[in-house]
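Observations on the model geometry
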Amino acid sequence: MSEKKFTTDAGIAIKELYTGKADAELPGEFPYTRGVQKDMYRGRLWTMRQYAGFSTAEESNKRYKYLLANGTMGLSVAFDLPTQIGYDSDHAMSEGEVGKVGVAIDSIKDMEVLFDGIDLEKITTSMTINATASTLLAFYIALAKKQGADIKKISGTIQNDILKEYAARGTYIYPPKPSMRIITDIFEYCSNEVPKWNTISISGYHIREAGSTAVQEIAFTLANAKAYLHASIEKGMDINVFGQRLSFFFNAHNNFFEEIAKFRAARRMWAQITKEMGATNPKAMMLRFHTQTGGATLQAQQPENNIMRVTLQALAAVMGGTQSLHTNGFDEALSLPTEAAARTALRTQQIIAYESGVVDTVDPMGGSYFVEELTDTIEKLAWEYMHKIEAMGGAVSAIEQGYMQKEIADAAYRYQKDIEHGDKIIVGVNKFSLEKEVMPPLFKVNDSIRLDQTEKLKQLRSERDAGLVADSFVALESTAIEGRNLMPHIIEAVERNLTLGEIADTFRNVFGEYRA
């Protein structure tokens, strides 16, 4: 079988890689500025994910099957706020939020419905979950076992990045130290039992959504990543083993060249950081990342303009070397995406992949005087931030002192002021606006979801074995106090039908709750 030939539409042959005469740096080689694979998308396209989850598990399952039928390569699950912060749907704190910004998952029963008819051994699943990541992963592992899957073969990612929650997003439960302990328990358990699972997706996305600059996004994300490395090494783990399961999650904004340079700089910096911390395995030094187009860039005014914004952002992510990509629906400034908007978002990726030609050579922007200098400058400025954070005692200390939070808030204020003064143009917002806006059809979430979930919880609690449930409460509490690995006990608890809220409350009683 002959090797596939890559040509332009005019028949001009395209080389795998273009280099300058003095350019010694190659893709797939340290420090990976030009990409983590030698052939990049000529060998395999990025994974096309669509972030979805709303209402009940039944409704989300229908959307997942729709997306898979339309060419999505992996699922990316959004959870509602009560699930994210460890409350069952029937808790008083959940009122008004059940199923609104993601799917409500209270128990293993909900997880079974969420993935009904979907073989967990054959797909990859990304779950945007942090404070309750251990429990959601336990649900997933328990379900895989119930399906008869070999859990050593299941693959996917949990976000599990609690530090950025304190700095930028807010869906934390416990104080930083016990939260870091739970995260390293997950690292340790999965390295032995679920070796293909990416145990953390260290997220710059939400730092950027909170208003940071591109430089702050990678500086603060890599500082957080260093903290996770230190915590894991202190637990006795080998950076060359667990380093291979770390992944990152970045934002893509509208400034096309800055975003490409940001991704290239982040790869180079991570390679240096891991090498200095003792990594020798090339796979432990490679920064692999998922990208989502910028939610904060989406505008409610003239929402169809968001299609062009998303296209530019997705193109920057691809030309910057992303390993997987989610494209936002054009209507997401107004509501959860409709099926039509989700399909258009996915088609955007597919058109870039199959029609644009940008995937035919590795690092097509490499060698551009502008991009190369911008990459160097972003790296230099990001190192300056990281050195300041190191001087404070590292990321945890910098967050506790409010340093990252203040830097992000100041950047967000400057950006908003530029928009209000007209120094920064947002098309359709502060220039080229319309007197009368025409709104597209919007997605509506059923308000009766909380009642439905409450009934399911009532039935679950009436049918489960009370003795086994009581034993699990004791095991969870004693393990949390004694410092042993929590994951086996959390998996056993969810198999015995303990709920997400009950597990979170057990840990609240031991660890307390964090107050900013």
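Keep in mind that this is a model prediction, so the values were computed, not measured. (Residues numbered from 1 in each chain as written. Predicted model: local features only at pLDDT ≥ 70, side-chain atom pairs only at ≥ 80, totals over all residues. Heavy atoms only, no water.)

The secondary structure content of the protein amounts to 20 helices and nine strands. The C-alpha atoms of the protein give a radius of gyration of 23 Å, which matches the 24 Å a tight globule of 516 residues would have. With the C-alpha coordinates aligned to their principal axes, the bounding extent of the protein is approximately 70 × 60 × 60 Å. Burial statistics for the protein: of 516 residues in total, 57% are counted as buried. Counting contacts in the protein only where the partners sit at least 6 residues apart, residues at least 24 apart contribute 77% of the total. Roughly 21,600 Å² of accessible area belongs to the protein as shown, and the carbon and sulfur atoms make up 53% of that amount. Taken as two groups, the 56 positive and 67 negative side-chain charges of the protein have centres that lie 4 Å from each other. (Helix = DSSP H or I, 4+ residues; strand = E, 2+ residues; numbered from the N terminus. Rg over C-alpha atoms; globule rule 2.2 N^0.38 Å. Buried < 20%, exposed > 50% of the residue type's maximum accessible area, 1.4 Å probe, protein only. Contact = heavy atoms within 4.5 Å. Areas by Shrake-Rupley, 256 points an atom, 1.4 Å probe, with all protein chains shown as cover. Lys, Arg positive; Asp, Glu negative; His and termini not counted. Charge placed at Lys NZ, Arg CZ, Asp CG, Glu CD.)

This brings us to a nonpolar patch on the surface. A grouping of Ile425, Val427 and Phe432 is seen on the molecular surface, where their side chains present a nonpolar patch of about 280 Å² in accessible area. Checked against the element boundaries, isoleucine 425 lands in the loop between α16 (403-420) and α17 (449-463). (Patch = residues over 30% accessible without salt bridge, like charges linked within 9 Å, V, L, I, M, F, W, Y side chains within 5 Å. Salt bridge = Lys/Arg side-chain N within 4 Å of Asp/Glu carboxyl O.)

Let us look at the packing of helix α4 (residues 133-147) against helix α19 (residues 487-495). Two elements in contact, α4 and α19, have axes whose closest approach is 9 Å; the angle formed by their N-to-C orientations is 65°. Judged by the sense of rotation from one axis to the other, the crossing of α4 with α19 is right-handed. Seen from α4, the contacting residues are Ser134, Thr135, Leu137, Ala138, Phe139, Ile141, Ala142 and Lys145; seen from α19, they are Met487, Ile490, Ile491, Val494 and Glu495. Taken together, the residues of the contact of α4 with α19 sort by class into nine nonpolar, two polar and two charged. (Axes fitted to C-alpha atoms, helices over the stretch in contact; angles between N-to-C directions. Left-handed = near helix turned anticlockwise from the far one by under 90°. Nonpolar A, V, L, I, M, F, W, Y, C, P; charged D, E, K, R; others polar.)

By size, the foremost hydrophobic cluster in this structure holds 138 residues, and its most contacted members are Trp46, Met111, Phe115 and Met404. With eleven residues, helix α8 (residues 214-234) is the single largest residue contributor to this core. When residues no more than four places from it in sequence are discounted, the contact partners of tryptophan 46 are Tyr41, Met73, Val318, Thr322, Gln323, Ser324, Leu325, Gln349, Ile352, Ala353 and Val359. (Core = buried A, V, L, I, M, F, W, Y, C linked by side-chain atoms within 4.5 Å.)

Turning our attention to the pattern of salt bridges. Tallying each qualifying case throughout the model produces 33 salt bridges. Among the salt bridges present, the one from aspartate 119 reaches lysine 122, with a minimum N-O distance of 4.0 Å. In this structure, the salt-bridge partner of glutamate 455 is lysine 458, at a minimum N-O distance of 3.6 Å. Of the two residues, glutamate 455 and lysine 458 are both situated in helix α17; the distance of three residues between them amounts to about one turn of the helix. Each of Asp88, Asp90, Arg461, Arg464 and Glu502 takes part in a single network of salt bridges with overlapping partners.

Turning our eyes to something else, we now look at the packing of aromatic side chains. For any pair of aromatic rings, the description rests on two quantities: the centre-to-centre distance and the angle between the ring planes. What the rule picks out here adds up to 22 aromatic pairs. Between phenylalanine 30 and tyrosine 32, the ring centres sit 6.3 Å apart and the planes meet at 75°, which makes this aromatic pair edge-to-face. Given the relative accessible area of 35%, phenylalanine 30 is considered partly exposed. Exposure remark for tyrosine 32: the relative accessible area of 3% places this residue in the buried category. Measuring from centroid to centroid gives 5.3 Å for phenylalanine 220 and tyrosine 385, while their planes differ by 80°, and the two rings are edge-to-face. Note that phenylalanine 220 is positioned in helix α8 and tyrosine 385 in helix α14 (residues 369-391), a separation of 165 residues in sequence. On the accessibility criterion, phenylalanine 220 (0% relative accessible area) is buried. (Phe/Tyr/Trp six-rings, centres within 6.5 Å; stacked < 30°, edge-to-face > 60°.)

It is worth spelling out unusual backbone geometry at this point. Only a minority of non-glycine residues have a phi that is not negative, and only a minority of peptide bonds are not trans. Backbone torsion omega between phenylalanine 30 and proline 31 reads 10°, so that peptide bond is classified as cis. Mapped onto the secondary structure, proline 31 falls in the segment before β1 (47-52). A positive phi is found at asparagine 497, a non-glycine position, where the angle reads about 75°. Tracing the backbone through its elements, the reader meets asparagine 497 in the loop between α19 and α20 (500-511).

If you check helix α13 (residues 339-355), its first and last C-alpha atoms are 23 Å apart, about what 17 residues at 1.5 Å a residue would give, namely 24 Å. Within α13, burial applies to Ala341, Ala342, Ala345, Leu346, Thr348, Gln349, Gln350, Ile352 and Ala353. (Expected span 1.5 Å × (residues − 1).)

On to the sheet that holds strand β8 (residues 289-293). Pairing in this open sheet of nine strands is parallel, and the strands run β5-β4-β3-β2-β1-β9-β8-β7-β6 from one edge to the other. Either end of the sheet is taken by a strand with one partner, and the two such strands are β5 (197-198) and β6 (200-203). Two strands pair when backbone bridges link them, and β1 and strand β2 (residues 74-78) are joined in this way by four bridges, in the parallel orientation. For glutamine 50, the partnering residue across the bridge sits in β2 and is leucine 75. Seen against the sheet, α8 touches β6 and β7 (246-252) and runs at an angle of roughly 165° to β7. (Pairing = 2+ DSSP bridges.)

Our next topic: the environment of tyrosine 403. Relative to the elements of secondary structure, tyrosine 403 occurs in helix α16. On the basis of relative accessibility, which here comes to 13%, the residue tyrosine 403 falls in the buried class. Placed 185 residues apart in sequence, tyrosine 403 and isoleucine 218 show a C-alpha to C-alpha distance of 15 Å.

Moving on, we come to α20. An α-helix turns once per 3.6 residues; consequently, residues spaced three or four apart project the same way. Over its twelve residues, α20 extends 16 Å from the first C-alpha to the last, a length consistent with the 16 Å expected when each residue adds 1.5 Å. Counting buried residues along α20, nine of its twelve residues qualify, which places the element largely inside the surrounding structure. Against the buried residues of α20 lie α2 (81-84), α4, α6 (176-193), α17, α18 (466-482) and α19. In the segment just after α20, glycine 512 is the residue with positive phi, at about 80°.

This part is about the side chain of threonine 293. Summarising the element assignment, threonine 293 is placed in strand β8. Residues within four places of threonine 293 in sequence aside, it is in contact with Tyr205, Asn251, Ala252, Val310, Gln313, Ala314, His326, Thr327 and Asn328.

So, about the pairing of β7. The buried fraction of β7 amounts to seven of the seven residues, a majority that puts the element mostly inside the structure. With burial as the criterion, each face of β7 is covered, one bearing Leu246, Phe248, Phe250 and Ala252 and the other bearing Ser247, Phe249 and Asn251. Both β6 and β7 contribute to a ladder of four bridges, which runs parallel. Within β7, the position partnered with isoleucine 200 by the bridge is leucine 246. Bridge analysis of β7 against β8 gives five bridges, and the strand direction is parallel. If you follow phenylalanine 248 over to β8, its bridge partner there is phenylalanine 289.

These figures capture arrangement, not role.
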